[in-house]
Amino acid sequence: MQNKKIFFLIDVNSAFLSWEATYRLQHGSKIDLRNIPSIVGGDPKTRHGIVLAKSIPAKKYNITTGESLRDALIKCPTLTIIKPSYMIYLQASNAMINLVKEYSPKIQRFSIDECFVDYTDSQKIFGDPIKVANEIKERIKNELGFTVNIGISNNKLLAKMASDLKKPDMVHTLFKDELKEKFWPLSVEKLFMVGRKTLPKLNRIGIFTIGDLANSNLELIQYYLKSHGKLIWEYANGIENSQIMLNKYENIKSIGNSTTIPYDIENVEIALLHLLSLTEMVSMRLRDKKKLCSLISVTIKNNEFISYSHQRKLYYLTDSTNEIFNEVKKLFINSWKNEPIRHLGISVSSLKNNDEKQLSIWDNKNNEKLRKLDQTIDELRYKYGNQIIQRTSFLHSGIKNVNGGIEKDYPTMNSIL
DNA sequence: TCTGGGGTCCTAGGACCC
DNA sequence: TCTGGGGTCCTAGGACCC
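Keep in mind it's a predicted model, so treat the numbers as computed, not measured.

Reading the values: rules and limits
- Residues numbered from 1 in each chain as written.
- Chains lettered and ligands numbered in written order.
- Predicted model: local features only at pLDDT ≥ 70, side-chain atom pairs only at ≥ 80, totals over all residues.
- Heavy atoms only, no water.
- Helix = DSSP H or I, 4+ residues; strand = E, 2+ residues; numbered from the N terminus.
- Buried < 20%, exposed > 50% of the residue type's maximum accessible area, 1.4 Å probe, protein only.
- Contact = heavy atoms within 4.5 Å.
- Areas by Shrake-Rupley, 256 points an atom, 1.4 Å probe, with all protein chains shown as cover.
- Lys, Arg positive; Asp, Glu negative; His and termini not counted.
- Charge placed at Lys NZ, Arg CZ, Asp CG, Glu CD.
- Phe/Tyr/Trp six-rings, centres within 6.5 Å; stacked < 30°, edge-to-face > 60°.
- Lys NZ or Arg CZ within 6 Å of the ring centre and 35° of its normal.
- Domains from an automatic or database assignment.
- Buried area = accessible area lost by both parts, 1.4 Å probe.
- Core = buried A, V, L, I, M, F, W, Y, C linked by side-chain atoms within 4.5 Å.
- Pairing = 2+ DSSP bridges.
- Axes fitted to C-alpha atoms, helices over the stretch in contact; angles between N-to-C directions.
- Patch = residues over 30% accessible without salt bridge, like charges linked within 9 Å, V, L, I, M, F, W, Y side chains within 5 Å.
- Salt bridge = Lys/Arg side-chain N within 4 Å of Asp/Glu carboxyl O.

1. Looking at the overall build of chain A
Of the regular secondary structure elements, chain A holds 14 helices and 13 strands. For chain A, the C-alpha atoms occupy an extent of roughly 65 × 55 × 50 Å along the three principal directions. When burial is assessed residue by residue, chain A has 47% of its 417 residues classed as buried. Within chain A, residue pairs in contact and separated by at least 24 positions form 64% of the contacts whose partners lie at least 6 positions apart. As displayed, chain A offers around 22,000 Å² of accessible surface, 53% of which is attributable to carbon and sulfur atoms. Distance between charge centres in chain A, computed from 60 positive and 45 negative side chains, equals 2 Å.

Structure follows, in C-alpha cells:
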C-alpha cells in the first residue's frame, strides 16, 4: 500500500470583496468593506448588474451571490456597491500562490481564489499538516491582509468539502473517520456537484442529507441520475482519487468569449460586428496558446433569456481570425431566429497543438499571407493595446474592436477536480 | 429575479457505415 | 422495404463549478 496522500484546499473568504477591502485599506481608505454591508458587482446600466461577492454584514441581509443588484438594494438600501477590478484580484491571487509555493511545488489553481496543494512530500520537511495549514493561513492574513479557509484531507474532494465547513479564517480536517460526524449531517445541496437541478431529484427519492446519499443504494441512484449519480454517490462516501493537475492550462479543451450587449440587437450587421469583435479575442487567445481548432460554436441569448447554439465541425484546422469568422457568420445566419438579441458568444474547441497542423489541399500562399498578418496584428496589439489596429467596419460603430474576456491569462474555474 | 462570463463533461438523437 | 444491430461521428442542449 502506498502512503496516504495529504491535500490542502485553500479558499479565500469572500475573495473579490476581501481583496477590494485589503487594497483600499492599503491605499489609505479608513473603511474596511468587510465590516459594512457591501458587495462587488457589475453595472446595471450595461445589463451587467449582478452580485459577484458580498461581505458578511451584507450576507445578514440575505443577499446572495448571483442575484441582481436591484434585488440586493431592495434587501439593503444602504448597501455599498463596488465595481470589480480584476487586475487587482489577479495580483492578490498571484501573491497568495507565491506564498504557498514556499511549502509545495504541487499546486493546482482551481480558480482565481482557490487552489489545491499536494502536501504529501512536503510533510517530511515541514511536518504536521494541521500546524502548517494554520501557519499558511496566518501568514496570508499578516503578510497579504486577507483571510482564507484551509481544508485538509486525503483527497481533493474532501479537502474542498473541509474548506467549506465553517467560515471565515479557519482550518478544518475531513478525514474518512470524520465523515459520519462532520460531513453526513450536512444538507445534500452542500455536496460538490449537487446543483439546483439535482437537488429536487434527490429530495423526491427521500435523500436530504449527504449521509442519506452515502447510505443509499448505488443502483437506485444510477437509475435516476446515470453517471452523474455514481459520481455524487462516491463523493458522498468520500471516494475520489484525482491528482494535482500541473499542466491544466496546456490541456485546455476550449476557448470562448461572450458578452451581454447593453441594448437588444435587432439587425444582422450589428450582430456580426459584435461577433467579429469576439472572434478577434478568441482567435488571438487561440494563437497565444499555440493551438488550432476544428469546432466552432455560436451562442445566442434572446431578450427573453432563452439561449440556443449552433456548432460546426470543420474538416481542417485553423487559428485564423478570418477563417473562424467566416464560419461564425454562417452559423449565426443559419441559427438566428430573427428576434432581439441580448447576449452573443463564440467558442472554439477540438483543439490541437499548432505543430500538428496538416496542410489541407486548400492551403496555399494566400493562407500563408493571412497567417503572417494575424501574427503581426497580435504583436502590435500585445505591445500597444487592442485598439492600435482595427478593421474599418468598427469605426464610429461604438463597438469595441476586440471584445470579451476579463484580462489575458485570468485563471478560470471549472468543475473538474 | 430584469438575471455575467469562462470553462468541462454528459446525453440523446440522427446520419452514415458495414 | 411494414427490416437488425453495432459502431462512430456530428449536433444541440443541459448539468455543474465559481
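2. A closer look at the packing of aromatic side chains
Tallying each qualifying case throughout the model produces 12 aromatic pairs. For the ring pair Phe-8 and Tyr-119, a centre distance of 4.8 Å and an interplane angle of 20° mean the geometry is stacked. On the criterion of sequence distance, the pair formed by Phe-8 in strand 1 (residues 7–12) and Tyr-119 in the loop between strand 6 (114–118) and helix 5 (123–126) is long-range, its members being 111 residues apart. Judged by its relative accessible area of 0%, Tyr-119 falls in the buried class. Sitting above the plane of the Tyr-308 ring, Lys-337 keeps its charged end 4.0 Å from the centroid.

3. Overview of the domain arrangement of chain A
Taken domain by domain, chain A holds domain 1 (1–175), domain 2 (184–236) and domain 3 (254–394). The C-alpha centroid of domain 2 is placed 27 Å from the C-alpha centroid of domain 1. Domain 1 puts five residues into the contact, and the matching count from domain 2 is five residues. For the pair domain 1 and domain 2, the two sides together bury roughly 420 Å², of which 88% comes from carbon and sulfur. Contact with domain 2 buries surface across domain 1, with Leu-157, Lys-160 and Met-161 losing the most and accounting together for 77% of the total.

4. Some details on the nonpolar core
By size, the foremost hydrophobic cluster in this structure holds 38 residues, and its most contacted members are Phe-8, Ile-10, Met-96 and Ile-136. Secondary structure elements with two or more residues in this core: strand 1, helix 1 (15–26), helix 4 (86–100), strand 6, helix 6 (129–144) and strand 7 (148–153). The element that contributes the greatest number of residues to this core is helix 4, accounting for nine residues. Judged by nonpolar contacts, the second largest core, of 32 residues, contains Leu-9, Phe-110, Val-194 and Ala-236.

5. With respect to the environment of Lys-248
For Lys-248, the location among the structural elements is in the loop between helix 11 (218–236) and strand 9 (254–265). The exposure class assigned to Lys-248 is buried, which follows from its relative accessible area of 13%. Taking the C-alpha atoms as reference, Lys-248 lies 20 Å from Leu-295; in sequence the two are 47 residues apart.

6. Focus on the pairing of strand 10 (residues 291–302)
Along strand 10, 10 of the 12 residues are buried, which leaves the element largely enclosed by surrounding structure. Pairing geometry for strand 10 and strand 13 (residues 352–353), over two bridges, is antiparallel. Looking at strand 13, one finds that Lys-291 is bridged to Asn-353. Pairing between strand 10 and strand 11 (residues 307–318): eight bridges, direction antiparallel. Residue Ile-300 lies in a different strand from strand 11, and its bridge partner there is Tyr-308. Between strand 10 and strand 11, which follow one another and run antiparallel, lie four residues, and Phe-305 among them has a positive phi close to 70°. Judged from the eight bridges that link them, strand 10 and strand 12 (residues 341–349) form a sheet pairing that is antiparallel. Each bridged residue has a counterpart across the sheet, and for Ile-296 the counterpart in strand 12 is Val-348.

7. Focus on the environment of His-228
Structurally, His-228 can be placed in helix 11. The sequence separation of His-228 and Val-194 amounts to 34 residues, and the corresponding C-alpha distance is 9.3 Å. Sequence-distant contacts of His-228, defined by excluding residues within four places in its chain, comprise Met-193 and Thr-198.

8. Side note on the sheet that holds strand 3 (residues 51–54)
Adjacent strands of a sheet form backbone hydrogen bonds with each other and so pair up, either parallel or antiparallel. An order of 3-2-4 is seen for the three strands of this open sheet, with the pairing classed as mixed. Taken across any chain shown, the strands that pair with only one partner, and hence form the sheet edges, are strand 3 and strand 4 (80–82). On average, adjacent strands in this sheet sit at an angle of 30° to one another, irrespective of strand direction. In terms of strand pairing, strand 2 (residues 38–41) meets strand 3 through three bridges, oriented antiparallel. When the sheet's bridge partners are listed, Ile-39 is paired in strand 3 with Lys-54.

9. Section: a positive patch on the surface
A grouping of Arg-196, Lys-197, Lys-201 and Arg-204 is seen on the molecular surface, where their side chains present a positively charged patch. Relative to the assigned elements, Arg-204 resides in helix 9 (residues 198–204). Arg-204 sits in the exposed class, given a relative accessible area of 67%.

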